[in-house]
Amino acid sequence: MRQRRLSRWLAPLRETTGVSRWMFWAGVVIVAFFVVLAVFAPLLAPYGFDQVSDAGVRFPKQGSPDGTHPFGTTVGNYDVLSRVIWGARTAIEVVVLAVVFSLAIGVPLGLFSGYVGGRADRVLVLIMDALFAFPYILLAIVIAFLLSDKLGQGVVTAAVAITAVYVPQYFRVVRNHVISVREEPYVDAARALGAPRRTIVSRYVLQNVIQSVPALATLNAADAILTLAALGFLGYGIQPTDAAEWGYDLQRAIDDAGAGIWWTGLFPGLAIVALVTGFTLLGEGLNDVINPLIRARSTAKPEMPGRTGGEGEEAILSLDPAPGTDRPRGP
Amino acid sequence: MKESSGSSGLRTYVLTRLALALPTVLILLTVVFLLMRVAPGDPITAALGARLPAKELEKRKEEAGYDKPIISQYGEYLGQVVTLDLGESVTDNRSVTSILAENGSATLELTVAAFMITLLVGVPLGLMAGRYRDGPWDVGGRLYGIIIYAFPVFFLGFLFQLLASQFGWPTSGRASPLVEYDLDSITNFYVIDTLLQGDWSAFWDVLQHLFLPAFVLGLTISGVLIRLIRVNLLQTMRGDYVEAARARGVSERRVVINHAFRNAMVPVVTVAGLQFAILLGGAVLTEETFNWPGIGSELVRYLNQRDYIAVQGIVTVFAVAVVIVSLLIDLVNAFIDPRVRYR
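These numbers come from a predicted model, not from an experiment.

K.L.:
Go over the overall build of chain A with me, naming the residues and quoting the values.
P.N.:
Secondary structure assignment for chain A yields 13 helices and two strands. The proportion of buried residues among the 331 residues of chain A is 54%. Put simply, 72% of the contacts in chain A that link residues at least 6 apart link residues at least 24 apart.

K.L.:
Outline the overall build of chain B, listing residues and values.
P.N.:
Summing up its helical and strand segments, chain B has 16 helices and zero strands in all. Of the roughly 15800 Å² that chain B leaves accessible, carbon and sulfur atoms contribute 65%. One way to put it: in chain B the 28 positive side-chain charges average out to a point 13 Å from where the 30 negative ones average out.

K.L.:
Got a sec to walk through a nonpolar patch on the surface? Specific residues and values, please.
P.N.:
Residues and elements named next belong to chain A. Taken together, the side chains of Val35, Val36, Val39, Phe40, Leu43 and Leu44 make up a nonpolar region of the molecular surface, amounting to roughly 540 Å² of accessible area. Elements with a minimum of two residues in the nonpolar patch: α2 (18-39) and α3 (41-44). Of all the elements, α2 adds the most residues to the nonpolar patch, at three residues. For Val36, the location among the structural elements is in helix α2.

K.L.:
Describe the interface of chain B and chain A, with residues and values.
P.N.:
Accessible area lost during the coming together of the parts is what is often quoted as the interface size. Taken together, the 64 residues of chain B in the interface contact 64 residues of chain A. When the area that chain B buries against chain A is broken down by residue, the three leading residues are Tyr149, Phe154 and Phe158 of chain B, summing to 12%. For the pair chain B and chain A, the interface holds one salt bridge. Between Glu284 of chain A and Arg227 of chain B there is a salt bridge, and its shortest N-O distance comes to 2.8 Å. Counting across the interface, chain B meets chain A through three residue pairs in polar contact (both at pLDDT 80 or more). Those elements giving two or more residues to the side of chain B that touches chain A turn out to be α1 (6-38), α6 (136-150), α7 (153-167), α10 (200-237), α11 (240-247), α13 (266-289), α14 (295-304) and α15 (308-336) of chain B. Top element by residues in the side of chain B that touches chain A is α13 of chain B. It accounts for 11 residues. Of the residues belonging to the side of chain B that touches chain A, the class tally is 41 nonpolar, 12 polar and 11 charged.

K.L.:
Tell me about helix α4 (residues 80-116) of chain A, and please be specific about residues and values.
P.N.:
Here α4 of chain A contains 37 residues, and its C-alpha end-to-end distance of 52 Å stays within 8% of the 54 Å for a straight helix at 1.5 Å per residue. Among the residues trailing α4 of chain A, Gly117 of chain A stands out with phi positive, at a value near 70°.

K.L.:
How would you summarise the nonpolar core if you had to cite specific residues and measurements?
P.N.:
One finds Leu234, Tyr236 and Trp246 of chain A to be the most contacted residues of the largest nonpolar core, which totals 154 residues. Every residue in contact with Tyr236 of chain A, bar those within four places of it in the chain, is listed here: Ile141, Ala144, Phe145, Gln153 and Leu231 of chain A together with Val300, Leu303 and Asn304 of chain B. Of all hydrophobic cores here, the second largest spans 12 residues; its members include Tyr115, Val174, Val201 and Val209 of chain A.

K.L.:
Explain the environment of Arg142 of chain B to me, and be specific about the residues and the numbers.
P.N.:
Along the chain, Arg142 of chain B turns up in helix α6. Note: C-alpha distance between Arg142 of chain B and Val224 of chain B (82 residues apart in sequence) is 9.6 Å.

K.L.:
Kindly report on the side chain of Thr227 of chain A, identifying the contributing residues and their values.
P.N.:
Within the fold, Thr227 of chain A resides in helix α10 (residues 213-234). With residues near it in sequence (within four places) discarded, Thr227 of chain A still touches Tyr136, Ala140, Ile162 and Tyr166 of chain A.

K.L.:
Give me the lowdown on the packing of α7 of chain B against α10 of chain B, citing residues and values where you can.
P.N.:
Residues and elements named next belong to chain B. Interaxial distance between α7 and α10 falls to 9 Å at its minimum, and their mutual angle equals 140°. Taken together, the axes of α7 and α10 lie oblique to each other. Every pair of crossing elements has a handedness; the one defined by α7 and α10 is right-handed. Between α7, through Val153, Leu156, Gly157, Phe160 and Ala164, and α10, the contact on the second element is made entirely by Leu212, Phe215, Val216, Leu217, Leu219 and Thr220. A per-class count over the contact of α7 with α10 returns nine nonpolar, two polar and no charged.

K.L.:
Residues and numbers for the packing of helix α6 (residues 136-151) of chain A against α10 of chain A, please.
P.N.:
All names here are of chain A. The geometry of α6 relative to α10 is characterised by a closest axis approach of 10 Å and an angle of 60° between their N-to-C directions. One way to sum up the angle between α6 and α10 is to call them oblique. Between α6 and α10 lies a crossing of right-handed hand. Along the contact surface, α6 presents Tyr136, Ile137, Ala140, Ile141 and Ala144, while α10 presents Thr227, Ala230, Leu231 and Leu234. Counted by class, the contact of α6 with α10 contains eight nonpolar, one polar and no charged residues.

K.L.:
Could you give me a rundown of the confidence of the model for chain A, with the residues and numbers involved?
P.N.:
It should be kept in mind that the predicted coordinates are not to be read in detail where pLDDT is low. All names here are of chain A. Of the residues in chain A, 82% reach a pLDDT of 70 or more, and the chain-wide mean stands at 78. Taken element by element, the predicted model of chain A shows its lowest mean pLDDT in helix α13 (residues 311-317) (36) and its highest in α4 (90). Low pLDDT (under 50) marks residues 294-331, which in the prediction has 95 contacts with non-local residues, meaning those over four places away or in another chain.

K.L.:
Can you explain the packing of aromatic side chains? Please cite residues and give values.
P.N.:
According to the stated counting rule, one finds 18 aromatic pairs over all chains in the structure shown. Ring plane angle 80° and centroid distance 6.2 Å describe the contact between Phe145 of chain A and Tyr308 of chain B, whose orientation is recorded as edge-to-face. Within this pair, whereas Phe145 of chain A is found in helix α6, its partner Tyr308 of chain B is found in helix α15, the two belonging to separate chains. A residue is classified by how much of its surface remains accessible, and Phe145 of chain A, at 5% relative accessible area, is buried. With relative accessibility at 2%, the residue Tyr308 of chain B sits in the buried group. Ring centres of Trp169 of chain B and Phe211 of chain B lie 6.1 Å apart, and the angle between their planes is 70°; this geometry places the pair in the edge-to-face category. Of this pair, Trp169 of chain B sits in the loop between α7 and α8 (177-182) while Phe211 of chain B is found in helix α10, placing the two residues 42 residues apart along the sequence. You can call Phe211 of chain B partly exposed: its relative accessible area is 37%.

Criteria and thresholds
- Residues numbered from 1 in each chain as written.
- Chains lettered and ligands numbered in written order.
- Predicted model: local features only at pLDDT ≥ 70, side-chain atom pairs only at ≥ 80, totals over all residues.
- Heavy atoms only, no water.
- Helix = DSSP H or I, 4+ residues; strand = E, 2+ residues; numbered from the N terminus.
- Buried < 20%, exposed > 50% of the residue type's maximum accessible area, 1.4 Å probe, protein only.
- Contact = heavy atoms within 4.5 Å.
- Areas by Shrake-Rupley, 256 points an atom, 1.4 Å probe, with all protein chains shown as cover.
- Lys, Arg positive; Asp, Glu negative; His and termini not counted.
- Charge placed at Lys NZ, Arg CZ, Asp CG, Glu CD.
- Patch = residues over 30% accessible without salt bridge, like charges linked within 9 Å, V, L, I, M, F, W, Y side chains within 5 Å.
- Salt bridge = Lys/Arg side-chain N within 4 Å of Asp/Glu carboxyl O.
- Buried area = accessible area lost by both parts, 1.4 Å probe.
- Polar contact = N/O pair within 3.5 Å; in protein donor to acceptor, adjacent residues only side chain to side chain.
- Nonpolar A, V, L, I, M, F, W, Y, C, P; charged D, E, K, R; others polar.
- Expected span 1.5 Å × (residues − 1).
- Core = buried A, V, L, I, M, F, W, Y, C linked by side-chain atoms within 4.5 Å.
- Axes fitted to C-alpha atoms, helices over the stretch in contact; angles between N-to-C directions.
- Parallel < 35°, antiparallel > 145°, perpendicular 65-115°, else oblique.
- Left-handed = near helix turned anticlockwise from the far one by under 90°.
- pLDDT = per-residue confidence, 0-100.
- Phe/Tyr/Trp six-rings, centres within 6.5 Å; stacked < 30°, edge-to-face > 60°.

Structural data, given as structure tokens:
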């Protein structure tokens, strides 16, 4: 049974062609690599993330890469390689927490708002749209700043700040999807047969709506890495003694650039780029796989009707992000 | 979703859109207000608590009205916004309006220049990607979009600073100290001010300083624009009128340039609006990277000093600006693209 379901899930994946499939698998490989780094950081990293000396010998300050420090050391005497590896753990932790939080809040809210409708729906939409319009970095900074007094500047604070940014997105996607699904004949049929509301929502609506979530969650994970790094860069993220964080390291490295010291910024920066690219490729791949309308098949291309056709692509143009499509995202 | 004819459809749309913008502003203002009240302590104590005796603090609190119930503080805040007087910063007694005038111009100069870079890079690449679907331009454009998106502004900034320092290209501030000292600020836009003075070497100096931050910020946004233009061009190329033009025997070149390209550009306006919020967010990071004395770096500075009044004022302005810009964009869109009004 499980086997069959799995193969049905994977069927669209087999149908996708060259570029999409390539993107998907490249994403899987990159993300898997960082997950391995994160999980085995204590084994893989040569030193601790806040270690500044070994066997009584202090690490050099801004030492260039050599045998003992393959990626060099920073202005704070940290070993860059170790901080890059430990940083993977921080990034994955924060992203997982942030995605779980935003799903836990955004999806039920969207389901409720879309299915119940009426005044509650209108008020929620208005609030979420207002938050959605807000420059997201500002929102994250202000929330991280306010929380730092109560929760300290750790992983949870960063995750909550990022959650506040993404809840409106899940809300919108889920709500809009629910509204379109709600009127489908099979939902009507269930209603006519006297199925209780709970069954209708959980079995017919949610099952359908939930499909658009994985792609969105993956793309948001990419975004979350950037937001985390931005928080760290501005000094509202995770403190260097709590955990290694790439954004913070880059902030410390900016002053090095003028002096031609490249290793302190290059490696954490590349780590961010690689992980974000990985999540994006994975998300785009999933998007192509899940959304059959924009999936280019290996067989002859289906003829799309004129202007109104191709919902998947049309949706990118409209202001409401349709399932799985992303809004233009920031730096 | 009633169908209505031309101009009345437009009027209804404009009115609805305007009516929708007001609650959005109100909600944003409320969110800002509540967030700032969640902050521990009142603004005066937070900023000056360590520096002033308790009695003086009490006096200042009373003057600023922080002993009143929260609902009347809220009313006062809304009143401030309506009268465009957002109060004075606690730490250095600058009015929020003057912060806007002095540092806002720097941010605006940066964002406008960045957006020009975005257009310069994004439009041609997006058109080429859409025109030659699945060709090298397309694959290259998509890859570029994904990878450039993955670059945080400050990392791209770091890389360009490394490069620039090799050539002695300036990487910090709006102008060299001497140039800045000599500059009469008329508009506070340095590029315009130096032009008005006719001082070419100063103009070149200012331009040099502007280039890197604008280039870096512009590049990071360009990926999104490429995607949108590409998708949109693919969409328009399937349109009936493109088919019709082909059937009339119009050459493919002219079909593409006269019919498809032009229509594919419509969403650029929308993107411009959506990007504005992102540009503002990105500007905070860019300003921190390049020591650009804009409103974003001021915000970070005031946050660090726990000057809640200044923070509240700046965040309020950002929020209102975003709503106004998105309103304008939607209206412009409704004028140029009739399909918008019928939705």
